[in-house]
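# Structural overview
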Amino acid sequence: MQLVFLSGGSGKRLWPLSNNARSKQFLPLLEAPDGSMESMVQRVVRQAKEAELNTQITFATNAAQRDSIINQLGDGVDVVAEPERRDTFPAIALAVSYLHFVKACPDDETVVVMPSDPYTELGYFHTIARMADEVQNNAADLVLMGITPTYPSEKYGYIVPQKTTEKSLRSFPVSRFTEKPTVSVAEDLLREGALWNGGVFAFKLGYMMAIVRKYMQSSSFEDTFARYKEFPKISFDYEVAEKATSVAVVPFTGKWKDLGTWNTLTEELSHDSIGNVLLGDANENTHVINEMEVPVFCNGLKDIVVACSPDGILVCAKDKSETIKKYVDNLSLRPMYEERRWGTYKVLSDLSYADGTHALTKSIMLLPGKNISYQIHHHRDEVWTIVDGEGLFVLDGEVRKVKRGDVCVIRKEQFHAIKAITELVFIEVQIGSPLVEEDIERFDWNW
């Protein structure tokens, strides 16, 4: 069985900790069994392994999230990054093309596609195993997971199973779908036995490849990737599930939650505060998360969430947290914290001067053995001050060892790179105009 995790999102609903480059599923806010902190992505992958699913894992994501996935999960998972965001149907089509062409999976192999961020329990993955069995037993071409609703929600789509008196069925034929109804319609659906659509789909690889070929006759994964725009920009539910003539649903009755707002997320946090936080003795149902070094003190607050990061500071009533998304575009100019394949960076200051000069200061952490590519810039000088660790610094082909206290000055058009021997932390000051991420030309360097 192949397990495909869908990882996307714009990072707006959990601002300021999340942003376009760091969606909610990468925030290390949940407590793991060993007491350490883990992200939603790390949690679901751990659970899939604990459930002993006989599976290989592939992430279908966008280019901005590729490095975060590799940083948090290592090299033990495959990552298929779409060249541009085009909704869930194209993303799944690209992922199954990867399984077909690159991993050479047979057409009769079961593929299960699921979100990367549900807050759930091991029974969820046992249900996935039952879905895979139903696919292999030819119960239907497409098998979905239906979440047993806990209330008539207008946030989710619904799956209505066909009515039957047979009690021994492991899956049920689907009668119809209803997408995000009003609360009153949802109440009627619950009386019909409808289930929430949890966005989990199981099918044989050949079934999905036949759908892919309706849009594209490719001879390789590289060809599919290059022609990605030919896929329609549409969800998998609309393009595949609701058009399928042979579709069944397997119910899941355990704990399942979408931690998509601060209100729902804080309900599952193990501690009232995370980071450099001091709480007074007069707070009630208040959570404070601080990713900055400066201290945060809160007292006399009720039903409030406070979140602080380099991107900004949020102080919000929990019952109003769902409204954040519509305001964020007016708040965030650029991500101030990002995970990359080589480590992380945090923007410390971003200043412009009267003569048009721009100065950007970052704190950069390189993981041991990782490196920043051999590159030049055409519009900026850079000064790197090593504050911790040891590494190898290259300037115009000359290599030298650097350590705490060393300063590296890089002028425009100079070739440069750095590799961490131990975990390496340095302060980077960029000076020039314009200061844009695109001002990088990369070259090969043999370490």
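Heads up: the structure comes first, above all this text.
Report on the accompanying structure. The shown structure was predicted, so the numbers you read here are calculated from the model rather than taken from an experiment.

What counts, and where the lines are drawn
Residues numbered from 1 in each chain as written. Predicted model: local features only at pLDDT ≥ 70, side-chain atom pairs only at ≥ 80, totals over all residues. Heavy atoms only, no water. Axes fitted to C-alpha atoms, helices over the stretch in contact; angles between N-to-C directions. Helix = DSSP H or I, 4+ residues; strand = E, 2+ residues; numbered from the N terminus. Left-handed = near helix turned anticlockwise from the far one by under 90°. Contact = heavy atoms within 4.5 Å. Nonpolar A, V, L, I, M, F, W, Y, C, P; charged D, E, K, R; others polar. Phe/Tyr/Trp six-rings, centres within 6.5 Å; stacked < 30°, edge-to-face > 60°. Buried < 20%, exposed > 50% of the residue type's maximum accessible area, 1.4 Å probe, protein only. Lys NZ or Arg CZ within 6 Å of the ring centre and 35° of its normal. Pairing = 2+ DSSP bridges. Right-handed = clockwise from strand over helix to strand, strands pointing away. Salt bridge = Lys/Arg side-chain N within 4 Å of Asp/Glu carboxyl O. Polar contact = N/O pair within 3.5 Å; in protein donor to acceptor, adjacent residues only side chain to side chain. 1 Å grid on protein atoms, 1.4 Å probe; cavity = no way out; pocket = protein on both sides within 12 Å on 5 of 7 lines; lining within 4 Å. Points joined across faces, edges and corners; volume = space filled by probe spheres on them.

## Describing the packing of helix 3 (residues 88-101) against helix 6 (residues 205-215)
At their nearest, the axes of helix 3 and helix 6 sit 10 Å apart, and the two run at 115° to each other. For the crossing formed where helix 3 meets helix 6, the hand is left-handed. Each of Phe89, Ile92, Ala93, Val96, Ser97, Leu99, His100 and Phe101 in helix 3 lies in contact with helix 6, whose residues at this interface are Leu205, Met208, Met209, Ile211, Val212, Arg213 and Tyr215. Here the contact of helix 3 with helix 6 is built from residues that sort into 12 nonpolar, two polar and one charged.

## Topic: the packing of aromatic side chains
Taken as a whole and judged by the stated rule, the model has 21 aromatic pairs. Summarising the aromatic geometry, the rings of Trp196 and Trp256 are spaced 5.9 Å apart at their centres and angled 50° between planes, so their arrangement reads as tilted. Of this pair, Trp196 sits in strand 11 (residues 195-204) while Trp256 is found in strand 13 (residues 256-258), placing the two residues 60 residues apart along the sequence. You can call Trp256 buried: its relative accessible area is 16%. With a centroid separation of 6.0 Å and 75° between ring planes, the pair formed by Tyr228 and Phe231 is classed as edge-to-face. Like Tyr228, the residue Phe231 is buried in the burial classification. An aromatic cluster is built from Tyr374, Phe415, Phe443, Trp445 and Trp447, whose rings are joined through pairwise contacts. Sitting above the plane of the Tyr119 ring, Arg43 keeps its charged end 4.0 Å from the centroid. Note that Lys362 overlies the ring of Tyr345, its terminal NZ or CZ placed 4.0 Å from the centroid.

## With respect to the pairing of strand 4 (residues 56-62)
Strand 4 sits mainly inside the fold: six of its seven residues count as buried. One ladder, built from five bridges, connects strand 1 (residues 2-6) with strand 4; its direction is parallel. Looking across to strand 4, one finds that Leu3 is bridged to Ile57. Judged from the five bridges that link them, strand 4 and strand 5 (residues 78-82) form a sheet pairing that is parallel. Within strand 5, the residue paired with Thr58 across the bridge is Asp78. Between the parallel elements strand 4 and strand 5, the chain passes through helix 2 (residues 63-73) in a crossover that is right-handed.

## Considering the sheet that holds strand 27 (residues 407-410)
A sheet is described by the order of its strands in space; here six strands give the open sequence 20-21-22-29-24-27, paired in antiparallel fashion. Of all the strands in the sheet, just strand 20 (337-340) and strand 27 have a single pairing partner and so form its edges. Strand after strand, the sheet turns through a mean of 20° between neighbouring axes, direction not considered. Lying on the sheet, helix 2 is in contact with strand 20 and strand 21 (343-352); it crosses strand 20 at an angle near 70°.

## Observations regarding the pattern of salt bridges
Two side chains of opposite charge can pair, provided their charged atoms sit close to one another. On inspection of all chains with the given rule, the structure shows 27 salt bridges. Linking Arg170 and Asp133 is a salt bridge whose minimum nitrogen-to-oxygen distance equals 3.7 Å. Here Asp133 lies in helix 4 (residues 122-136) and Arg170 lies in the loop between strand 9 (158-161) and strand 10 (172-178), a separation of 37 residues in the sequence. Under the relative-accessibility criterion, Arg170 is labelled partly exposed at 40%. In this structure, Arg380 engages Glu382 in a salt bridge whose closest nitrogen and oxygen atoms are separated by 2.8 Å.

## Side note on unusual backbone geometry
Residue Trp15 is joined to Pro16 through a cis peptide bond whose omega torsion reads 10°. The omega torsion across Ser433 and Pro434 is -5°, close enough to zero to call that bond cis. Mapped onto the elements, Pro434 comes out in the loop between strand 29 (424-432) and strand 30 (441-443). Positive phi, close to 55°, is recorded for Ala104, a residue that is not glycine. The backbone of Asn285 shows a phi angle near 50°, a positive value even though the residue is not glycine. Tracing the backbone shows Asn285 in the loop between strand 15 (277-279) and strand 16 (287-290).

## Quick look at the side chain of Ser116
For Ser116, the position within the fold is in the loop between strand 6 (110-115) and strand 7 (118-120). Take Ser116: its relative accessible area is 1%, and that puts it in the buried class. At 3.0 Å, the side chain of Ser116 and the backbone oxygen of Leu6 are in polar contact. For Ser116, the residues in contact, after removing those within four places along its chain, are Phe5, Leu6, Ser7, Gln25, Met40, Val41, Val44 and Phe59.

## Remarks on the layout of surface pockets
If you add up the space inside the largest pocket, you get close to 1,700 Å³. Looking at the largest pocket, it is lined by 48 residues, and the ones nearest its centre are Arg13, Thr88, Asp117, Lys180 and Asp258. Those elements that provide at least two residues to the lining of the largest pocket are strand 4, helix 3, strand 11, helix 8 (236-239) and strand 13. Element by element, the count of residues in the lining of the largest pocket is highest for strand 11, at four residues. Of the volumes computed, that of the second largest pocket is approximately 560 Å³.

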